[in-house]
Amino acid sequence: MFRPTLFLTVACIALPAMAQTPPTQAWPQNKPPAQAAPPAAAPATPGTPPAAGAPAVSTAPVPLPQWFVEIDVDKKGEVTRAEFLKYRMKSFESLDLNKDNKLSLEEFTKVVEPPSTPADAPGLPSLEERRNRAKAEFQNLDTNRDGFLERGEAEAVVHSEFNNYDTDRDNKITEPEVRLIIQRSMQREAAERQQADARRRQGMMTLNEFMDMQLRQADELDKNKDGKISGPEYTVLAGPADGPQAKNLLPFDMRKQIAMRKFAEIDTNKDGQIDRVELSAYALKQFGEMDLNKDRFISEDEFKKAQEAEAAKVRAIVQTMMPAQPAQPRPAQPQPRGGQPAPAPVPSGPPPGLPQGTR
């Protein structure tokens, strides 16, 4: 398994999951096959039998998601498309401060700020980290790339999510459908974890894996454990000082200058320290550049190409650091005595145009 280093790239934060909202990507798009309910299965709500043709419920039903409970206030055991859309679009409407039916980036990022996101939630990333992730999500949702998340774009995402739950396509989500989809989601997540392990063995790396590795390396550099990397802490990456242990390496002063150039590139606010927000932004950019085929994985081949590109940059920097070589004087032509011009040299060998050995 290849091991990216902070000299090439730096740390990245995890993507905050949308609370109570399973991802739309990779969810089943087709109606699952109908199954007979097992004898031990019972309806989640007493007195509410499953609808005809509804998918079977697991013998160990999972809890209903909070959004279903909040929408189904009259306990019918079902949620219509209109109810689901109205519920999901509440956040859009609360963020649309000027009521123009579209969200700017500034309005959209309010979703990660209080009161939309609790400030004291356990394990929550910093506000700046959440804003960085919201900006990336905004780019994904802005499908027409006009710099705004329009109401139609937001509703399309909500309808797509509804379709994932409405397996019998009757424009209603029932409790059995919800439980089945959540159960399948849990099974899929377990399978994806197994696939991630297999990818690691094959030399593939996901964004989250890349982030975790880089964060651990950043923690190793942060000797005083203040959550930031100072210039002296970062120069550890320059390697050992000049001496036997630095054999075949560039002079230490040159290596230190190269490391500090990278440090200055990451330290965007120029306060002399690299914090997690700066690490996040830089690493996200680096991961995107390294993922050449845009499949959201970094292969060993892609990493090697990134190393080669970085090495080329370092060589160019080294060239600028090298002292200029003095121009070598051209040897003077011998002058004949008396100031007369020197006779033209007599050519040796056969006359021009004749092959060798011809006389």
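Note that the structure is a prediction, hence the values are computed from the model and not measured. (Residues numbered from 1 in each chain as written. Predicted model: local features only at pLDDT ≥ 70, side-chain atom pairs only at ≥ 80, totals over all residues. Heavy atoms only, no water.)

Enquirer: How should the overall build of the chain be read in this particular structure?
Expert: Along the chain, the regular secondary structure elements total 12 helices and eight strands. Taken as a whole, the chain presents about 22,100 Å² of accessible surface, with 56% of it coming from carbon and sulfur. (Helix = DSSP H or I, 4+ residues; strand = E, 2+ residues; numbered from the N terminus. Areas by Shrake-Rupley, 256 points an atom, 1.4 Å probe, with all protein chains shown as cover.)

Enquirer: I'm lost on the pattern of salt bridges in this one. Help?
Expert: When the charged atoms of two side chains lie near each other, side chains of opposite charge can form a pair. Here the structure, examined in full by the defined rule, presents 15 salt bridges. A salt bridge links E175 to R179; the shortest N-O distance between them is 3.8 Å. On the criterion of helical spacing, the pair formed by E175 and R179 is a turn pair, its members being four residues apart in helix α7 (residues 175-201). Judged by relative accessible area, which is 7%, E175 ranks as buried. Here D301 makes a salt bridge to K305, at a shortest N to O gap of 3.5 Å. Of this pair, D301 and K305 both sit in helix α12 (residues 300-321), four residues apart, which is roughly one turn of the helix. A cluster of three or more residues bridged by salt bridges with shared partners is formed by K110, E113, E128 and R131. (Salt bridge = Lys/Arg side-chain N within 4 Å of Asp/Glu carboxyl O. Buried < 20%, exposed > 50% of the residue type's maximum accessible area, 1.4 Å probe, protein only.)

Enquirer: What is the right way to read the environment of P125 from this model?
Expert: Looking at the secondary structure, you find P125 in the loop between α4 (105-108) and α5 (127-141). Considered as a pair, P125 and V277 are 152 residues apart in the sequence and their alpha carbons are 10.0 Å apart.

Enquirer: How should the environment of Y282 be read in this particular structure?
Expert: Positionally, Y282 belongs in helix α11 (residues 276-290). Y282 sits in the buried class, given a relative accessible area of 7%.

Enquirer: I keep staring at the packing of α5 against α11 and nothing clicks. Help me out?
Expert: The axes of two packed helices give the description: the angle between them and the distance between them. Close contact between α5 and α11 brings their axes to 9 Å; oriented N to C, the two are set at 20°. Viewed along their axes, α5 and α11 adopt a mutual orientation that is roughly parallel. In this structure, α5 meets α11 at a crossing whose hand is right-handed. Contact residues: α5 offers E128, E129, N132 and R133, while α11 offers R276, V277, S280, A281 and L284. For the contact of α5 with α11, the residue count by class is three nonpolar, two polar and four charged. (Axes fitted to C-alpha atoms, helices over the stretch in contact; angles between N-to-C directions. Parallel < 35°, antiparallel > 145°, perpendicular 65-115°, else oblique. Left-handed = near helix turned anticlockwise from the far one by under 90°. Contact = heavy atoms within 4.5 Å. Nonpolar A, V, L, I, M, F, W, Y, C, P; charged D, E, K, R; others polar.)

Enquirer: What am I meant to see in helix α2 (residues 81-88) here?
Expert: Because each turn of an α-helix spans 3.6 residues, side chains separated by three or four positions end up pointing in the same direction. Burial in α2 covers these residues: F84, L85 and R88. Taken down its axis, α2 places every buried residue within 95° of arc, on the same side. Away from its buried face by more than 90 degrees, α2 exposes A82 and K86. Residues of α2 that are buried sit in contact with α1 (66-71), β1 (78-80), α3 (90-95), α6 (151-165) and β4 (172-174). (Arc of directions from axis to C-beta.)

Enquirer: Got a minute to help me understand the packing of aromatic side chains in this structure?
Expert: Centre distance and the angle of the planes are the two values used to describe a pair of aromatic rings. Counted under the stated rule, the structure contains seven aromatic pairs. Members of the aromatic cluster, connected to one another through ring pairs, are W67, F68, F84, F162 and Y165. Sitting over the face of the ring of F148, K102 holds its NZ or CZ atom 4.3 Å from the ring centroid. (Phe/Tyr/Trp six-rings, centres within 6.5 Å; stacked < 30°, edge-to-face > 60°. Lys NZ or Arg CZ within 6 Å of the ring centre and 35° of its normal.)

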